[in-house]
Amino acid sequence: MTNNYSNFSEVFSHFENNRIQVGSEYKHQDILSLAAFKLANNEITSWDGYKPTPLHNFSDMAKDTGVELIVYKDENPRFTLKSFKALGGAYAVANLLIQKLKENGIDANSSDLIAGIHRDFTSKITVCCATDGNHGRSVAWGAQKFGCNCEIYIHRNVSVAREKAIAKYGADVNRIKGNYDDSVRLAAEVAEKNSYTVVSDTSYEGYTDIPKDVMQGYTVMVDEALKQMDTVPTHVFLQGGVGGFPAAVVSFLVESLENPPKFVVVEPVNADCLFQSAKNGKPTAVHGELDTIMAGLACGEVSVLAWAILESYVSHFMTITDNSIPEAMKLLSNRDVPIVAGESAVTGLAGFLIASNSKELREKLMINENSKILFFGTEGDTDEEMYEKLVGKSSEEVLAVI
């Protein structure tokens with residue numbers, strides 16, 4: 001089935017960012033750092049139900065595509081949220097409450113919050129955010145877990161299934177008429193009016209501290225993957241979005257490794273703000289419906305913090321069409337050890353499979369028989385109805401063969 005990607009080999013765009021300085025020292029510790037990772041790791045690994053998610057070795061796919069190694073980090077089992085986002089939004093909520101308690105002379109940690117020791121204080125605090133689905137679910141889960149209130153804003157294209165998945169954690173979910181970027185602006189306005197605290201996964205002018213915590217939480221996943229690999233990847237294909245996820249991966253690997261891998265950021269063609277930012281050499285918004293089945297990547301405005309990291313260390317950007325996504329989801333569901341991967345989880349994998357069928361792009365990306373490719377499958381079936389529609393069977397049916 002891998003060779004089916006030759007059907008899509010011409011349906012992509014590629015841009016090489018020649019502004020980066022290969023081998024340059026990591027200099028963005030003010031945004032994300034290994035020191036801050038240790039703090040996030042200490043909190044997150046203390047939560048009930050924490051365990052590293054699996055890393056799958058696709059030796060058959062590696063042989064088919066002419067590379068040495070392909071590994072896939074599967075975030076479907078992450079806590080109960082089926083997404084790596086559980087590491088970000090929830091950690092930011094916990095850290096926010098810990099800091100507010102500290103400002104009032106109270107030292108606390110995640111365990112204290114989970115035990116409800118300070119609920120009289122935290123129950124007076126409300127967090128809010130805009131979301132395509134998974135980040136909002138994480139914030140709502142964190143608010144419920146750590147004892148504060150939560151309001152979530154979703155845009156018109158967010159599915160009812162994703163809305164319900166957020167609401168089950170007790171959040172007040174509000175649907176707006178605009179797109180994702182409109183919901184981001186509205187959440188900020190509501191927070192200002194009602195003295196709420198925005199816990200967003202995207203940063204913008206005047207709002208940077210909490211997005212750092214969100215991104216720092218993601219680095220726990222990267223640390224797990226590096227330890228599970230027992231080797232160093234030569235290439236990492238990453239989903240785009242506002243940039244928080246790829247920035248977390250890039251920052252951790254660049255600061256940790258003497259010889260960091262080549263990074264390739266892959267986006268939907270209709271929501272390619274990172275691709276356009278790379279072409280223009282500055283943060284660039286894209287407008288319109290941002291219509292794509294890669295729901296978690298339907299973002300038109302770049303996180304300014306994330307972009308500072310990406311523009312410094314990411315050499316390649318790609319856009320792809322929606323056509324390849326169901327094929328990649330089915331490819332994983334039909335493996336001997338099946339994997340449930342949602343629409344946004346397989347974007348990096350689809351980008352690689354498209355690139356592997358293009359001689360010209362393989363050469364530009366320096367993909368060869370010695371390449372070791374790492375993917376992060378960032379979500380499972382976070383929209384169960386959409387997953388079944390695209391794959392042709394439910395996640396329960398997919399996993400029933402195990």
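Report follows, based on the coordinates.

The rules we used
- Residues numbered from 1 in each chain as written.
- Predicted model: local features only at pLDDT ≥ 70, side-chain atom pairs only at ≥ 80, totals over all residues.
- Heavy atoms only, no water.
- 1 Å grid on protein atoms, 1.4 Å probe; cavity = no way out; pocket = protein on both sides within 12 Å on 5 of 7 lines; lining within 4 Å.
- Points joined across faces, edges and corners; volume = space filled by probe spheres on them.
- Nonpolar A, V, L, I, M, F, W, Y, C, P; charged D, E, K, R; others polar.
- Helix = DSSP H or I, 4+ residues; strand = E, 2+ residues; numbered from the N terminus.
- Contact = heavy atoms within 4.5 Å.
- Polar contact = N/O pair within 3.5 Å; in protein donor to acceptor, adjacent residues only side chain to side chain.
- Axes fitted to C-alpha atoms, helices over the stretch in contact; angles between N-to-C directions.
- Parallel < 35°, antiparallel > 145°, perpendicular 65-115°, else oblique.
- Left-handed = near helix turned anticlockwise from the far one by under 90°.
- Pairing = 2+ DSSP bridges.

### Here we look at empty space enclosed by the protein
All chains considered together, the criterion is met by two cavities of 30 Å³ or more. There is about 310 Å³ of room inside the largest cavity. Lining of the largest cavity is provided by 27 residues; of these, F84, K85, D201, G296 and L297 occupy positions nearest its centre. Residue composition of the lining of the largest cavity, by class: nine nonpolar, 13 polar and five charged. By volume, the second largest cavity is sized at about 40 Å³. Surrounding the second largest cavity, G49, Y50, K51, T53, P77, R78 and F79 form its lining.

### Quick look at the environment of E343
With respect to the secondary-structure elements, E343 resides in the loop between helix 13 (324–333) and helix 14 (347–356). Separated by 249 residues in the primary sequence, E343 and A94 have C-alpha atoms spaced 28 Å apart. Every residue in contact with E343, bar those within four places of it in the chain, is listed here: R162, I293, M294, A295, I325, M329, E379, D383, M386 and L390. Polar contacts involving the side chain of E343 include one to the side chain of R162, which spans 2.9 Å.

### Focus: the packing of helix 6 (residues 134–146) against helix 7 (residues 160–167)
At a minimum axis distance of 8 Å, the contact between helix 6 and helix 7 shows a crossing angle of 15°. Comparing their axes, helix 7 and helix 6 come out roughly parallel. Here the hand of the crossing between helix 6 and helix 7 comes out right-handed. Judged by residue contacts, N134, G136, R137 and A140 of helix 6 engage R162, A165 and I166 from helix 7. Tallied by class, residues from the contact of helix 6 with helix 7 come to three nonpolar, two polar and two charged.

### A word on the sheet that holds strand 9 (residues 262–268)
Spatially, seven strands are ordered 1-10-9-8-11-3-2 in an open sheet, and the strand pairing comes out mixed. Across the chains shown, the open sheet's two edge strands, defined by having one partner strand only, are strand 1 (12–16) and strand 2 (55–57). Between one strand axis and the next, the sheet turns through 20° on average, direction left out of account. Taken together, the five bridges between strand 1 and strand 10 (residues 316–320) define a ladder with antiparallel strand orientation. Counted as the bridge partner of F12 is I320 from strand 10. Contacts from helix 10 (residues 244–256) reach strand 8 (235–239), strand 9 and strand 11 (372–377), with the element oriented near 155° to strand 8.

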